[in-house]
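# Structural characterization, general
Given next are the chains, with one letter for each unit.
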Amino acid sequence: MSLTAIIGGTGLTQLDNLQLTHKEMMNTPFGDTSGPLSFGKIGNQDVVFLARHGGHHTIPPHRVNYRANLWALKEAGVSRVIAVAAVGGITREMSPERIVIPDQIIDYTHSRAQTFFEDDLDFVTHIDFTHPYDQGLRQVLLDSAAELSLDAFDGGVYAATQGPRLESAAEVNRLERDGCDLIGMTGMPEAALARELELRYACCALVVNWAAGRAGQEEISIAEMEKCLHSGMQKVRNLLELTLPAIQLARAT
Ligand code: HPA
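About the thresholds
Residues numbered from 1 in each chain as written. Predicted model: local features only at pLDDT ≥ 70, side-chain atom pairs only at ≥ 80, totals over all residues. Heavy atoms only, no water. Helix = DSSP H or I, 4+ residues; strand = E, 2+ residues; numbered from the N terminus. Rg over C-alpha atoms; globule rule 2.2 N^0.38 Å. Contact = heavy atoms within 4.5 Å. Areas by Shrake-Rupley, 256 points an atom, 1.4 Å probe, with all protein chains shown as cover. Lys, Arg positive; Asp, Glu negative; His and termini not counted. Charge placed at Lys NZ, Arg CZ, Asp CG, Glu CD. Salt bridge = Lys/Arg side-chain N within 4 Å of Asp/Glu carboxyl O. Buried < 20%, exposed > 50% of the residue type's maximum accessible area, 1.4 Å probe, protein only. Near = heavy atom within 4 Å. Polar contact = N/O pair within 3.5 Å; in protein donor to acceptor, adjacent residues only side chain to side chain. Core = buried A, V, L, I, M, F, W, Y, C linked by side-chain atoms within 4.5 Å.

Of regular secondary structure, the protein chain possesses five helices and 11 strands. In terms of overall dimensions, the protein chain is globule-like: its C-alpha atoms have a radius of gyration of 17 Å, near the 18 Å expected for 253 residues. Summarising its shape, the C-alpha atoms of the protein chain cover approximately 50 × 45 × 35 Å along the three principal directions. Taking the intrachain contacts of the protein chain between residues at least 6 apart in sequence as the baseline, contacts between residues at least 24 apart amount to 82%. Of the roughly 11,900 Å² of accessible surface on the protein chain, a fraction of 48% belongs to carbon and sulfur atoms. In the protein chain, 21 positive and 32 negative side-chain charges are present, and the distance between their average locations comes to 2 Å.

A few words on the pattern of salt bridges. What the rule picks out here adds up to 11 salt bridges. A salt bridge links Asp 151 to Arg 98; the nearest nitrogen and oxygen atoms lie 3.1 Å apart. Of this pair, Asp 151 sits in the loop between helix 2 (135-147) and strand 8 (153-154) while Arg 98 sits in the loop between strand 5 (78-89) and strand 6 (99-101); the two residues are 53 residues apart in sequence, bridging distant segments of the chain. By relative accessible area, which is 53% here, Asp 151 ends up exposed. In this structure, the salt-bridge partner of Arg 165 is Glu 171, at a minimum N-O distance of 2.9 Å. Taking the relative accessible area as the measure of exposure, Arg 165 reaches 52% and is therefore exposed.

In the vicinity of the ligand, the residues found are Ala 86, Val 87, Gly 88, Leu 166, Glu 167, Ile 183, Gly 184, Met 185, Val 208, Asn 209 and Met 225. Between the ligand and the protein, one listed contact pairs a nitrogen atom with a backbone N or O atom of Ala 86 at 3.3 Å. Residue Gly 88 places a main-chain N or O atom 3.2 Å away from a nitrogen atom belonging to the ligand. Across the complex, the protein chains shield 94% of the 260 Å² of accessible surface that the ligand would expose by itself. Where the shell around the ligand is concerned, the elements lending two or more residues are strand 5, strand 10 (182-184) and strand 11 (200-210).

So, about the nonpolar core. One recurring pattern in soluble globular proteins is that nonpolar side chains are buried together. Ranked by internal contacts, the top residues of the largest apolar core, which has 38 residues, are Leu 37, Val 48, Leu 73, Val 78, Val 81 and Tyr 158. Where this core is concerned, the elements lending two or more residues are strand 1 (3-8), strand 3 (37-42), strand 4 (45-51), helix 1 (66-75), strand 5, strand 9 (157-160), helix 4 (190-196) and strand 11. Looking at this core, the element that brings in the most residues is strand 5, giving five residues. The next biggest cluster of nonpolar side chains, apart from the first, holds 32 residues, and it includes Ile 6, Ile 101, Leu 150 and Val 208.

Before going further, it helps to examine the side chain of Glu 196. If you trace the backbone, Glu 196 turns up in helix 4. Summary of buried charges: Glu 196 has no salt-bridge partner, and the nearest side chain of opposite charge, Arg 67, is 7.4 Å away. Setting aside its immediate chain neighbours within four residues, Glu 196 contacts Gln 114, Thr 115, Phe 116, Phe 117 and Ile 127.

Below you can see the structure in the form of structure tokens.
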């Protein structure tokens, strides 16, 4: 069996269009997942859904047990992961409410358990991470977005920051000098752990605010972010509904 998982981020704690069959709490050698895995179908495609921040959105980005989450998905028979994430936009194309399918990532997180390969090793293991996101899965997302006329952006460098606070304007300037286009707090170590487990992994990011200092001197309004999240996530839901059956047909995935 080859399952697709959706890891829902802020604003996507459940999938309304999932025909739920059952929920299951999984035990892992790394502790508890963010919550139960929800098994079901979208269209004809078997899907597993996991809310990254917990069902009630109580787990902050630096406290998410990324290892347990990815391990449990692998154990459940998952081979592909679509990671949904709310992000801030740095560069001009990354405007609020835009969907972005990034193709690169830079890790600015720290103090997070970032590998499965550290204890009781037979040999030291390195993974290739040249292309952190799976191109086949990215393309299915982009094709489905085009079909829905969603104007999703193809590419972009995701800056994974530690959080939970947002950035200073100077930090955002530095991230832009580094080549980053968007900022989120959960992209790492999730993407690398998925690669360690040989899961195909792509990110479907929704821009919910201009990053600090990118909308003049204005402070970031959490209320505005929430508004954006609300309207934008409906687009993400529609995209997932079309993408999941398309994955079945796409040979590359
Ligand atoms: N910075 C970091 N993470 C985020 C942001 C941001 O501006 N918006 C949503 N997640």
